[in-house]
Amino acid sequence: MSYSGARAMLDMGVSRPTLYEIVIPNVPGKVNDYLKFFCKATFIPEVRAERISAVGHEAIGVERQQATRIMYGKPFEITIIENSDFSTYKGIRQWFDQVASNINDSSGGGGPSRSQRMRYYQEIVRDMTLTKLENPRDAGSGRSGAKDMRKVLEVTFRNAYPVRMGQIVLGSDLFDAATEFTVAFTYETYSYE
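Right, let's walk through the structure included here. (Residues numbered from 1 in each chain as written. Predicted model: local features only at pLDDT ≥ 70, side-chain atom pairs only at ≥ 80, totals over all residues. Heavy atoms only, no water.)

Re the overall build of the chain
When you go through the chain residue by residue, the secondary structure sums to four helices and eleven strands. Counting only residues that meet the buried cut, the chain has 29% of its 193 residues in that class. For the chain, the exposed area adds up to about 13000 Å²; of that, 51% sits on carbon and sulfur atoms. (Helix = DSSP H or I, 4+ residues; strand = E, 2+ residues; numbered from the N terminus. Buried < 20%, exposed > 50% of the residue type's maximum accessible area, 1.4 Å probe, protein only. Areas by Shrake-Rupley, 256 points an atom, 1.4 Å probe, with all protein chains shown as cover.)

A look at unusual backbone geometry
In this structure, P75 follows K74 across a cis peptide bond, with omega equal to 0°. You can see P75 is positioned in the loop between β4 (63–72) and β5 (76–81). Although it is not a glycine, N26 adopts a positive phi angle of roughly 60°. Residue position: N26 is located in the loop between β1 (20–23) and α2 (31–38).

Thoughts on the nonpolar core
Counting residues in each nonpolar core, the largest one holds 30 residues, and the members touching the most others are I22, I24, F76, M128 and F157. When residues of this core are traced back to their parent elements, those giving at least two are β1, α2, β5, α3 (87–96), β8 (126–134), β9 (150–165) and β10 (180–186). For this core, the element with the most residues is β9, which contributes five residues. In contact with F157, other than residues within four places in its own chain, are P45, F76, R126, D127, M128, L130, Y187, T189 and Y190. (Core = buried A, V, L, I, M, F, W, Y, C linked by side-chain atoms within 4.5 Å. Contact = heavy atoms within 4.5 Å.)

Printed below as a string of structure tokens:
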């Protein structure tokens, strides 16, 4: 391929890993608005075919790999830079607290309130979306607002729920650092548009 041919293929530029947004339905407050700007890192999980070896079914002595099931890389994780009110942590934590009763036992302990009972699956799952954004096609026109971004890929995580709220590191030597935490979600499958 010629240089001019390769250059023509990149007229729109390469994909930027910094352009994306996460949407979590039914979270309180402005969590989704906050996530659009302060979700520091995430990824689109792998998908792979589990296989078994099939020997000699059509050609004697020839081994081939037969797909047996599709596996989705789990968990799906996001890293968030938290605000000083911890509203994003609290909003997502409210969803996590729905996984079982009495997870956030604020009654002071003692008695039956310390017992935990897992909730039914359908009561805790939601579909989440991760949208891969790109700069607008007419980026040279001076328009650069978030609403002008192109949505080039939307990944929908089916029946997701949080399975881990990561640690929040605090330290007296972290004066100029931002507070971050990671949330891990499990899900059944994901699809893309």
